[in-house]
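These are the residues of each chain, in order.
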Amino acid sequence: MYFSKSFIPILKNNPTEAKIKSHKLMLRTGMIKQSSAGIYSWLPLGFKVMKKIENIVREEQNRVGVQEILMPTIQSSEIWKESGRYEDYGEEMLRFKDRQNREMLYGPTNEELVTEIFRSSIKSYKSLPQLLYHIQWKFRDELRPRFGIMRCREFYMKDAYSFDISDEEANYSYNKFFISYLNTFKRMELSAIPMAADTGPIGGNLSHEFIILADTGESKIFTDKRIFEVDSTKTTIDKNSLIKLRNDYDKFYSVTDEKFNKVKFETNVPENFRLQTKGIEVGHIFYFGDKYSKSMNASVDFNGKKEFVKMGSYGIGVSRLVGAIIEAKYDDTKEIMKWPMTVSPYDCCILPIINKNDNLNLEKANNIYNALIENKIDVLIDDTEENLSSKIKKFNLLGIPFQIIIGNNFNQQKIEFKEINEEPKYISLENIIKILKSKKIN
(Lines give C-alpha, C1' and ligand atoms only; values in the text may rest on other atoms or scores of the structure.)
Protein backbone atom coordinates (compact mmCIF):
# COMPACT_ATOMS: atom_id res chain seq x y z
CA MET A 1 0.00 0.00 0.00
CA TYR A 2 1.29 3.45 -0.93
CA PHE A 3 0.87 6.12 1.71
CA SER A 4 -0.33 8.58 -0.96
CA LYS A 5 -3.23 6.22 -1.79
CA SER A 6 -4.12 5.30 1.79
CA PHE A 7 -6.90 7.00 3.71
CA ILE A 8 -4.93 8.37 6.67
CA PRO A 9 -6.00 12.02 7.09
CA ILE A 10 -3.28 13.31 9.45
CA LEU A 11 -3.76 16.67 11.19
CA LYS A 12 -0.78 18.98 11.68
CA ASN A 13 -1.68 19.76 15.30
CA ASN A 14 -3.53 18.16 18.16
CA PRO A 15 -7.27 18.94 18.08
CA THR A 16 -8.20 21.41 20.81
CA GLU A 17 -11.29 19.46 21.92
CA ALA A 18 -9.23 16.39 22.89
CA LYS A 19 -8.09 16.24 26.53
CA ILE A 20 -6.35 12.86 26.89
CA LYS A 21 -3.57 11.17 24.91
CA SER A 22 -5.68 8.57 23.13
CA HIS A 23 -8.32 11.05 21.98
CA LYS A 24 -5.65 13.45 20.69
CA LEU A 25 -3.70 10.78 18.81
CA MET A 26 -6.70 9.02 17.31
CA LEU A 27 -8.12 12.25 15.89
CA ARG A 28 -4.75 13.56 14.76
CA THR A 29 -3.68 10.38 12.94
CA GLY A 30 -7.09 9.88 11.34
CA MET A 31 -8.01 6.71 13.20
CA ILE A 32 -11.51 7.95 13.98
CA LYS A 33 -13.84 10.80 13.06
CA GLN A 34 -16.61 12.06 15.29
CA SER A 35 -20.09 11.60 13.85
CA SER A 36 -22.03 13.05 16.78
CA ALA A 37 -21.52 13.38 20.53
CA GLY A 38 -19.90 10.15 21.74
CA ILE A 39 -20.29 8.38 18.38
CA TYR A 40 -17.40 7.83 15.96
CA SER A 41 -16.68 6.49 12.51
CA TRP A 42 -13.68 4.17 12.48
CA LEU A 43 -11.33 4.99 9.61
CA PRO A 44 -8.90 2.44 8.07
CA LEU A 45 -5.97 2.91 10.48
CA GLY A 46 -8.10 2.69 13.62
CA PHE A 47 -10.29 -0.04 12.19
CA LYS A 48 -7.27 -2.26 11.45
CA VAL A 49 -6.06 -1.93 15.04
CA MET A 50 -9.50 -2.68 16.44
CA LYS A 51 -9.96 -5.77 14.25
CA LYS A 52 -6.57 -7.15 15.35
CA ILE A 53 -7.60 -6.67 18.97
CA GLU A 54 -10.88 -8.43 18.19
CA ASN A 55 -9.01 -11.40 16.73
CA ILE A 56 -6.85 -11.77 19.85
CA VAL A 57 -9.94 -11.59 22.07
CA ARG A 58 -11.67 -14.20 19.90
CA GLU A 59 -8.69 -16.57 19.91
CA GLU A 60 -8.37 -16.46 23.70
CA GLN A 61 -12.10 -17.03 24.20
CA ASN A 62 -12.00 -20.00 21.85
CA ARG A 63 -8.91 -21.33 23.65
CA VAL A 64 -10.83 -21.86 26.91
CA GLY A 65 -13.82 -23.42 25.18
CA VAL A 66 -16.23 -20.51 24.77
CA GLN A 67 -18.52 -20.75 21.72
CA GLU A 68 -19.17 -17.71 19.53
CA ILE A 69 -22.68 -16.55 18.64
CA LEU A 70 -24.03 -13.24 17.37
CA MET A 71 -26.96 -11.46 19.00
CA PRO A 72 -28.69 -8.40 17.53
CA THR A 73 -28.13 -4.82 18.65
CA ILE A 74 -31.90 -4.22 18.96
CA GLN A 75 -33.80 -6.05 21.71
CA SER A 76 -37.41 -6.32 22.85
CA SER A 77 -38.32 -4.62 26.12
CA GLU A 78 -40.30 -7.69 27.21
CA ILE A 79 -37.32 -9.77 28.34
CA TRP A 80 -35.95 -6.80 30.28
CA LYS A 81 -39.29 -6.45 32.05
CA GLU A 82 -39.07 -10.13 32.97
CA SER A 83 -35.70 -9.64 34.63
CA GLY A 84 -36.88 -6.48 36.38
CA ARG A 85 -34.16 -4.28 34.86
CA TYR A 86 -36.19 -2.37 32.28
CA GLU A 87 -37.06 0.47 34.63
CA ASP A 88 -34.02 0.07 36.88
CA TYR A 89 -31.37 0.50 34.19
CA GLY A 90 -31.99 4.23 33.89
CA GLU A 91 -31.60 6.81 31.15
CA GLU A 92 -28.45 5.26 29.71
CA MET A 93 -30.74 2.79 27.92
CA LEU A 94 -31.91 4.08 24.54
CA ARG A 95 -35.60 3.15 24.23
CA PHE A 96 -37.92 3.57 21.27
CA LYS A 97 -41.04 2.12 19.64
CA ASP A 98 -41.20 0.42 16.26
CA ARG A 99 -44.01 1.00 13.73
CA GLN A 100 -46.13 -1.64 15.49
CA ASN A 101 -45.86 0.43 18.70
CA ARG A 102 -43.74 -2.26 20.37
CA GLU A 103 -41.24 -1.05 22.97
CA MET A 104 -37.70 -1.76 21.81
CA LEU A 105 -34.22 -0.83 23.00
CA TYR A 106 -30.67 -0.62 21.70
CA GLY A 107 -28.85 -3.23 23.78
CA PRO A 108 -26.47 -1.87 26.44
CA THR A 109 -25.70 -5.47 27.49
CA ASN A 110 -27.06 -8.94 26.79
CA GLU A 111 -27.80 -10.88 30.01
CA GLU A 112 -31.54 -10.99 29.27
CA LEU A 113 -31.29 -11.93 25.61
CA VAL A 114 -28.74 -14.69 26.11
CA THR A 115 -30.79 -16.10 29.00
CA GLU A 116 -33.86 -16.20 26.75
CA ILE A 117 -31.80 -18.02 24.10
CA PHE A 118 -30.53 -20.50 26.67
CA ARG A 119 -33.88 -21.28 28.32
CA SER A 120 -35.54 -22.03 24.98
CA SER A 121 -32.71 -24.34 23.88
CA ILE A 122 -31.20 -26.23 26.85
CA LYS A 123 -33.36 -28.51 29.02
CA SER A 124 -31.01 -31.00 30.73
CA TYR A 125 -28.09 -30.49 33.12
CA LYS A 126 -26.14 -32.95 30.95
CA SER A 127 -25.72 -30.16 28.39
CA LEU A 128 -23.93 -27.98 30.94
CA PRO A 129 -21.72 -26.09 31.18
CA GLN A 130 -22.50 -23.74 28.32
CA LEU A 131 -20.11 -20.84 27.64
CA LEU A 132 -21.23 -18.40 24.94
CA TYR A 133 -19.83 -15.12 23.67
CA HIS A 134 -20.36 -12.57 20.95
CA ILE A 135 -18.59 -9.43 19.73
CA GLN A 136 -21.06 -6.71 18.88
CA TRP A 137 -21.80 -2.99 19.03
CA LYS A 138 -23.43 -1.66 22.20
CA PHE A 139 -25.07 1.65 23.02
CA ARG A 140 -25.28 3.45 26.35
CA ASP A 141 -26.59 6.99 26.33
CA GLU A 142 -23.90 8.56 28.49
CA LEU A 143 -24.90 11.86 30.08
CA ARG A 144 -21.49 13.38 29.32
CA PRO A 145 -19.58 11.39 26.69
CA ARG A 146 -15.94 12.41 26.80
CA PHE A 147 -12.36 11.32 26.22
CA GLY A 148 -13.09 10.05 22.71
CA ILE A 149 -13.66 6.30 22.54
CA MET A 150 -12.79 5.86 26.21
CA ARG A 151 -16.15 7.21 27.38
CA CYS A 152 -18.40 7.17 24.34
CA ARG A 153 -22.00 6.18 23.68
CA GLU A 154 -21.54 3.55 20.96
CA PHE A 155 -18.77 1.01 21.47
CA TYR A 156 -17.60 -2.42 20.28
CA MET A 157 -17.56 -5.07 22.98
CA LYS A 158 -17.01 -8.74 23.62
CA ASP A 159 -19.50 -10.06 26.14
CA ALA A 160 -19.65 -13.67 27.25
CA TYR A 161 -22.02 -15.65 29.47
CA SER A 162 -21.66 -18.87 31.44
CA PHE A 163 -24.38 -21.34 32.48
CA ASP A 164 -23.58 -23.98 35.12
CA ILE A 165 -25.39 -26.43 37.39
CA SER A 166 -23.69 -25.47 40.67
CA ASP A 167 -21.69 -22.74 42.37
CA GLU A 168 -18.58 -24.92 42.23
CA GLU A 169 -18.84 -25.46 38.47
CA ALA A 170 -19.72 -21.81 37.96
CA ASN A 171 -16.54 -20.77 39.78
CA TYR A 172 -14.57 -23.01 37.45
CA SER A 173 -16.12 -21.19 34.48
CA TYR A 174 -15.37 -17.85 36.15
CA ASN A 175 -11.73 -18.85 36.56
CA LYS A 176 -11.46 -19.86 32.91
CA PHE A 177 -12.42 -16.33 31.93
CA PHE A 178 -10.05 -14.98 34.57
CA ILE A 179 -7.02 -16.63 32.93
CA SER A 180 -8.24 -15.94 29.39
CA TYR A 181 -8.37 -12.22 30.20
CA LEU A 182 -4.85 -12.22 31.61
CA ASN A 183 -3.61 -13.97 28.46
CA THR A 184 -5.56 -11.61 26.20
CA PHE A 185 -4.04 -8.47 27.67
CA LYS A 186 -0.56 -10.00 27.84
CA ARG A 187 -0.67 -10.54 24.07
CA MET A 188 -1.27 -6.80 23.70
CA GLU A 189 1.73 -6.04 25.95
CA LEU A 190 -0.54 -4.69 28.69
CA SER A 191 -0.06 -5.43 32.38
CA ALA A 192 -3.68 -5.74 33.46
CA ILE A 193 -4.22 -6.40 37.17
CA PRO A 194 -7.41 -8.15 38.37
CA MET A 195 -9.01 -6.14 41.17
CA ALA A 196 -12.04 -6.86 43.32
CA ALA A 197 -14.82 -4.55 42.15
CA ASP A 198 -18.42 -3.58 42.71
CA THR A 199 -20.96 -5.47 40.58
CA GLY A 200 -23.06 -2.39 39.75
CA PRO A 201 -26.32 -2.81 37.77
CA ILE A 202 -25.28 -6.31 36.60
CA GLY A 203 -25.80 -7.65 40.15
CA GLY A 204 -24.25 -10.55 42.04
CA ASN A 205 -21.55 -10.73 44.71
CA LEU A 206 -18.33 -11.64 42.87
CA SER A 207 -16.63 -9.35 40.39
CA HIS A 208 -13.17 -8.42 39.12
CA GLU A 209 -12.11 -5.48 37.01
CA PHE A 210 -8.94 -5.82 34.93
CA ILE A 211 -7.09 -2.53 35.25
CA ILE A 212 -4.04 -1.09 33.53
CA LEU A 213 -2.23 1.72 35.33
CA ALA A 214 -2.67 5.15 33.70
CA ASP A 215 -2.74 8.71 35.02
CA THR A 216 -5.75 9.44 32.79
CA GLY A 217 -7.78 6.53 34.18
CA GLU A 218 -11.17 7.14 35.73
CA SER A 219 -10.84 4.30 38.23
CA LYS A 220 -9.08 4.93 41.54
CA ILE A 221 -7.20 1.83 42.64
CA PHE A 222 -5.57 0.67 45.86
CA THR A 223 -3.20 -2.25 45.60
CA ASP A 224 -0.30 -4.16 47.06
CA LYS A 225 2.64 -3.74 44.65
CA ARG A 226 3.55 -7.40 45.09
CA ILE A 227 0.54 -8.36 42.96
CA PHE A 228 2.57 -7.34 39.89
CA GLU A 229 4.93 -10.25 40.59
CA VAL A 230 2.25 -12.96 40.22
CA ASP A 231 3.16 -15.17 37.26
CA SER A 232 0.24 -16.56 35.25
CA THR A 233 2.27 -17.88 32.32
CA LYS A 234 2.35 -21.52 33.50
CA THR A 235 -1.32 -21.70 34.46
CA THR A 236 -3.42 -24.21 32.55
CA ILE A 237 -7.23 -24.46 32.48
CA ASP A 238 -7.08 -27.43 34.85
CA LYS A 239 -9.42 -26.71 37.77
CA ASN A 240 -6.74 -26.90 40.48
CA SER A 241 -4.27 -24.81 38.49
CA LEU A 242 -6.88 -22.07 38.09
CA ILE A 243 -7.75 -22.14 41.79
CA LYS A 244 -4.06 -21.72 42.64
CA LEU A 245 -3.82 -18.73 40.29
CA ARG A 246 -6.86 -17.07 41.87
CA ASN A 247 -5.41 -17.67 45.34
CA ASP A 248 -2.06 -16.17 44.25
CA TYR A 249 -3.85 -12.98 43.23
CA ASP A 250 -6.39 -12.91 46.06
CA LYS A 251 -3.74 -12.96 48.81
CA PHE A 252 -2.74 -9.41 47.80
CA TYR A 253 -5.07 -6.55 48.62
CA SER A 254 -6.14 -4.98 45.31
CA VAL A 255 -9.44 -3.15 44.83
CA THR A 256 -11.15 -0.33 42.98
CA ASP A 257 -12.43 2.66 44.93
CA GLU A 258 -15.97 1.25 45.30
CA LYS A 259 -14.59 -1.63 47.40
CA PHE A 260 -11.85 0.33 49.19
CA ASN A 261 -11.54 -0.09 52.95
CA LYS A 262 -8.83 2.05 54.49
CA VAL A 263 -8.46 -0.11 57.61
CA LYS A 264 -8.08 -3.32 55.59
CA PHE A 265 -5.64 -1.65 53.19
CA GLU A 266 -3.36 -0.37 55.94
CA THR A 267 -3.67 -3.58 57.98
CA ASN A 268 -2.95 -6.00 55.13
CA VAL A 269 -0.39 -4.07 53.09
CA PRO A 270 2.99 -2.96 54.51
CA GLU A 271 3.51 0.75 53.93
CA ASN A 272 6.36 0.30 51.43
CA PHE A 273 4.12 -1.91 49.22
CA ARG A 274 1.05 0.37 49.17
CA LEU A 275 0.10 1.90 45.84
CA GLN A 276 -2.71 4.40 45.35
CA THR A 277 -3.11 5.50 41.76
CA LYS A 278 -5.47 5.60 38.78
CA GLY A 279 -6.16 3.04 36.12
CA ILE A 280 -8.21 2.20 33.04
CA GLU A 281 -10.69 -0.65 33.11
CA VAL A 282 -10.14 -2.93 30.10
CA GLY A 283 -12.23 -5.91 31.21
CA HIS A 284 -14.84 -6.83 33.81
CA ILE A 285 -16.12 -10.24 34.93
CA PHE A 286 -19.13 -10.99 37.15
CA TYR A 287 -20.68 -13.98 38.87
CA PHE A 288 -24.31 -13.47 39.85
CA GLY A 289 -25.65 -16.98 40.47
CA ASP A 290 -29.35 -17.36 39.69
CA LYS A 291 -30.24 -13.62 39.62
CA TYR A 292 -31.41 -13.79 35.99
CA SER A 293 -32.24 -17.48 35.70
CA LYS A 294 -34.81 -17.28 38.51
CA SER A 295 -36.55 -14.15 37.30
CA MET A 296 -36.58 -15.46 33.71
CA ASN A 297 -37.26 -19.11 34.56
CA ALA A 298 -34.09 -20.48 32.98
CA SER A 299 -33.80 -23.95 34.47
CA VAL A 300 -32.70 -27.46 33.60
CA ASP A 301 -33.87 -30.89 34.66
CA PHE A 302 -31.48 -32.22 37.32
CA ASN A 303 -32.40 -35.80 38.24
CA GLY A 304 -36.10 -35.03 37.93
CA LYS A 305 -35.85 -31.73 39.79
CA LYS A 306 -36.07 -28.22 38.36
CA GLU A 307 -32.76 -26.44 38.95
CA PHE A 308 -32.12 -22.80 38.10
CA VAL A 309 -28.76 -22.44 36.36
CA LYS A 310 -25.90 -20.40 37.81
CA MET A 311 -24.71 -17.60 35.57
CA GLY A 312 -21.84 -15.21 35.05
CA SER A 313 -21.04 -12.50 32.49
CA TYR A 314 -17.69 -11.36 31.16
CA GLY A 315 -16.96 -8.19 29.19
CA ILE A 316 -14.00 -6.75 27.29
CA GLY A 317 -14.23 -3.35 25.60
CA VAL A 318 -12.67 -4.12 22.22
CA SER A 319 -12.89 -0.55 20.91
CA ARG A 320 -11.91 0.84 24.33
CA LEU A 321 -8.71 -1.24 24.22
CA VAL A 322 -7.49 0.80 21.25
CA GLY A 323 -7.51 3.88 23.45
CA ALA A 324 -6.13 2.02 26.47
CA ILE A 325 -3.10 0.82 24.50
CA ILE A 326 -2.42 4.37 23.37
CA GLU A 327 -2.67 5.64 26.95
CA ALA A 328 -0.12 2.99 27.98
CA LYS A 329 2.28 3.34 25.04
CA TYR A 330 2.15 6.89 23.65
CA ASP A 331 4.81 9.42 24.69
CA ASP A 332 3.00 12.68 23.97
CA THR A 333 5.99 14.84 24.97
CA LYS A 334 8.11 13.33 22.16
CA GLU A 335 5.09 12.55 19.93
CA ILE A 336 6.14 8.91 19.63
CA MET A 337 3.66 6.04 19.55
CA LYS A 338 4.68 2.39 19.28
CA TRP A 339 1.95 -0.15 18.69
CA PRO A 340 2.54 -3.69 19.98
CA MET A 341 3.32 -5.83 16.96
CA THR A 342 0.24 -7.97 17.59
CA VAL A 343 -2.17 -5.08 17.04
CA SER A 344 -0.21 -2.61 14.90
CA PRO A 345 -2.08 -1.47 11.76
CA TYR A 346 1.04 -2.39 9.76
CA ASP A 347 4.06 -4.47 10.74
CA CYS A 348 6.59 -2.27 9.00
CA CYS A 349 6.88 0.88 6.89
CA ILE A 350 9.34 1.62 4.11
CA LEU A 351 10.62 5.19 3.92
CA PRO A 352 12.46 5.88 0.66
CA ILE A 353 14.08 9.25 -0.01
CA ILE A 354 12.39 10.27 -3.25
CA ASN A 355 14.03 12.93 -5.40
CA LYS A 356 12.00 14.83 -7.94
CA ASN A 357 11.95 13.05 -11.34
CA ASP A 358 13.95 10.14 -9.84
CA ASN A 359 12.02 6.99 -8.89
CA LEU A 360 15.02 4.73 -8.32
CA ASN A 361 14.59 4.58 -4.51
CA LEU A 362 10.86 4.00 -4.93
CA GLU A 363 11.62 1.03 -7.23
CA LYS A 364 13.97 -0.37 -4.54
CA ALA A 365 11.20 0.14 -1.98
CA ASN A 366 8.77 -1.76 -4.21
CA ASN A 367 11.15 -4.72 -4.47
CA ILE A 368 11.47 -4.90 -0.68
CA TYR A 369 7.71 -4.43 -0.32
CA ASN A 370 7.02 -7.43 -2.60
CA ALA A 371 9.45 -9.62 -0.65
CA LEU A 372 7.80 -8.70 2.66
CA ILE A 373 4.29 -9.26 1.31
CA GLU A 374 5.32 -12.72 0.07
CA ASN A 375 6.29 -13.47 3.68
CA LYS A 376 2.89 -12.26 4.97
CA ILE A 377 4.30 -9.08 6.48
CA ASP A 378 1.93 -6.10 6.24
CA VAL A 379 3.78 -3.06 4.87
CA LEU A 380 3.14 0.60 4.03
CA ILE A 381 5.41 2.56 1.64
CA ASP A 382 5.72 6.32 2.06
CA ASP A 383 5.86 7.39 -1.59
CA THR A 384 5.61 11.13 -0.85
CA GLU A 385 8.39 13.61 -1.61
CA GLU A 386 8.76 14.75 2.00
CA ASN A 387 12.27 14.84 3.42
CA LEU A 388 13.42 11.89 5.51
CA SER A 389 13.19 13.60 8.91
CA SER A 390 9.58 14.58 8.21
CA LYS A 391 8.76 11.02 7.19
CA ILE A 392 10.33 9.56 10.34
CA LYS A 393 8.51 12.08 12.52
CA LYS A 394 5.21 11.22 10.81
CA PHE A 395 5.66 7.47 11.20
CA ASN A 396 6.81 7.81 14.81
CA LEU A 397 3.42 9.42 15.38
CA LEU A 398 1.56 6.67 13.49
CA GLY A 399 3.31 4.08 15.65
CA ILE A 400 4.13 1.39 13.08
CA PRO A 401 6.84 -0.40 15.08
CA PHE A 402 9.52 -0.99 12.41
CA GLN A 403 10.97 1.24 9.69
CA ILE A 404 13.12 0.51 6.65
CA ILE A 405 15.05 3.53 5.36
CA ILE A 406 16.12 3.70 1.71
CA GLY A 407 18.56 6.50 1.02
CA ASN A 408 20.82 7.41 -1.87
CA ASN A 409 23.60 5.17 -0.48
CA PHE A 410 21.33 2.12 -0.31
CA ASN A 411 23.16 -1.21 0.08
CA GLN A 412 21.20 -4.41 -0.56
CA GLN A 413 23.20 -6.31 2.06
CA LYS A 414 23.14 -3.57 4.68
CA ILE A 415 19.64 -2.11 4.65
CA GLU A 416 18.91 0.52 7.30
CA PHE A 417 16.32 -1.03 9.59
CA LYS A 418 15.11 0.43 12.87
CA GLU A 419 12.58 -0.08 15.59
CA ILE A 420 10.79 3.07 16.75
CA ASN A 421 12.87 4.95 19.32
CA GLU A 422 15.85 2.60 18.84
CA GLU A 423 19.16 2.92 17.05
CA PRO A 424 19.17 1.60 13.43
CA LYS A 425 20.71 -1.68 12.34
CA TYR A 426 22.28 -2.35 8.95
CA ILE A 427 21.31 -5.87 7.94
CA SER A 428 20.21 -7.92 4.96
CA LEU A 429 16.60 -8.21 3.80
CA GLU A 430 16.69 -11.88 4.77
CA ASN A 431 17.47 -10.96 8.38
CA ILE A 432 14.83 -8.21 8.37
CA ILE A 433 12.23 -10.79 7.35
CA LYS A 434 13.39 -13.15 10.11
CA ILE A 435 13.11 -10.41 12.74
CA LEU A 436 9.65 -9.30 11.61
CA LYS A 437 8.35 -12.87 11.45
CA SER A 438 9.61 -13.60 14.97
CA LYS A 439 7.96 -10.45 16.32
CA LYS A 440 4.63 -11.40 14.72
CA ILE A 441 4.49 -14.69 16.67
CA ASN A 442 2.45 -14.17 19.83
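Everything discussed here concerns the structure shown above.
Predicted model only: the values in this text are computed from it and were never measured.

About the criteria used
- Residues numbered from 1 in each chain as written.
- Predicted model: local features only at pLDDT ≥ 70, side-chain atom pairs only at ≥ 80, totals over all residues.
- Heavy atoms only, no water.
- Helix = DSSP H or I, 4+ residues; strand = E, 2+ residues; numbered from the N terminus.
- Rg over C-alpha atoms; globule rule 2.2 N^0.38 Å.
- Buried < 20%, exposed > 50% of the residue type's maximum accessible area, 1.4 Å probe, protein only.
- Contact = heavy atoms within 4.5 Å.
- Areas by Shrake-Rupley, 256 points an atom, 1.4 Å probe, with all protein chains shown as cover.
- Pairing = 2+ DSSP bridges.
- Axes fitted to C-alpha atoms, helices over the stretch in contact; angles between N-to-C directions.
- Phe/Tyr/Trp six-rings, centres within 6.5 Å; stacked < 30°, edge-to-face > 60°.
- Lys NZ or Arg CZ within 6 Å of the ring centre and 35° of its normal.

**Student:** Pulling in residues and values, what's your account of the overall build of the protein?
**Tutor:** Regarding its fold elements, the protein presents 12 helices and 21 strands. Whereas a compact globule of 442 residues would reach a radius of gyration of roughly 22 Å, the protein reaches 24 Å, a difference of no more than 12%. Per-residue burial over the protein gives 53% buried out of 442 residues. Of the contacts formed within the protein by residues at least 6 apart in sequence, a portion of 71% connects residues at least 24 apart. For the protein, the exposed area adds up to about 20,600 Å²; of that, 47% sits on carbon and sulfur atoms.

**Student:** Residue-level account of the sheet that holds strand E4 (residues 74–76), with values.
**Tutor:** Taken in spatial order, the three strands line up as E4-E6-E5 in an open sheet, and their pairing is antiparallel. Single-partner strands in this sheet number two, and they are E4 and strand E5 (94–97). Taking each pair of neighbouring strands and ignoring which way they run, the sheet shows an average axis angle of 35 degrees. Summarising the sheet, E4 and strand E6 (residues 103–106) pair through three bridges and their orientation is antiparallel. Paired with Gln75 across the strands is Leu105, a residue of E6.

**Student:** Quick rundown of the pairing of strand E10 (residues 206–213)? Include the residues and the values.
**Tutor:** Across a regular strand the side chains alternate sides, sitting on one face of the sheet and then on the other. Burial analysis of E10 places seven of its eight residues in the buried class, the great majority of the element. For strand E9 (residues 193–196) and E10, the ladder comprises four bridges, and the chain directions are antiparallel. Across the sheet, Ile193 pairs through a bridge with Ile211, a residue of E10. Here E10 runs beside strand E13 (residues 274–289); their pairing, made up of eight bridges, is antiparallel. Pairing of Ser207 across the sheet is with Phe286, part of E13.

**Student:** Could you give an account of the packing of aromatic side chains, with specific residues and numbers?
**Tutor:** A complete count under the given rule lists 19 aromatic pairs for this structure. Each ring, one from Phe185 and one from Phe210, has its centre 6.1 Å from the other, and the planes form 45 degrees; the classification is tilted. Of the two residues, Phe185 sits in helix H5 (residues 167–187) while Phe210 sits in strand E10, which places them 25 residues apart along the sequence. Looking at Phe210, the relative accessible area reads 0%, which means it is buried. Each residue in the set Phe178, Tyr181, Phe185, Phe210 and Tyr249 is aromatic and connected to the rest through ring pairs, giving one cluster. Residue placement shows Arg246 over the ring face of Phe178; its charged tip is 5.6 Å from the ring centre. Sitting over the ring of Tyr292, Lys291 keeps its end group 5.3 Å from the ring centre.

**Student:** Requested: an account of the pairing of strand E16 (residues 310–317), with residues and values cited.
**Tutor:** Judged by how many residues are buried, E16 sits mostly within the fold: eight of eight residues are covered. Going residue by residue along E16, you find Lys310, Gly312, Tyr314 and Ile316 tucked away on one face and Met311, Ser313, Gly315 and Gly317 tucked away on the opposite face as well. Where strand E8 (residues 154–164) meets E16, eight bridges bridge the pair, whose relative direction is antiparallel. Across the sheet, residue Ser162 finds its bridge partner in E16, namely Gly312.

**Student:** Which residues make up unusual backbone geometry, and what are the values?
**Tutor:** The residue after Leu128, namely Pro129, is reached through a cis peptide bond having omega 0 degrees. Tracing the sequence through the fold places Pro129 in the loop between helix H4 (111–119) and strand E7 (130–139). Of note in the backbone geometry, Asn303 takes a positive phi value of approximately 55 degrees without being a glycine. Assignment of secondary structure puts Asn303 in the loop between strand E14 (299–302) and strand E15 (305–308).

Just geometry here; none of it tells us what the structure is for.
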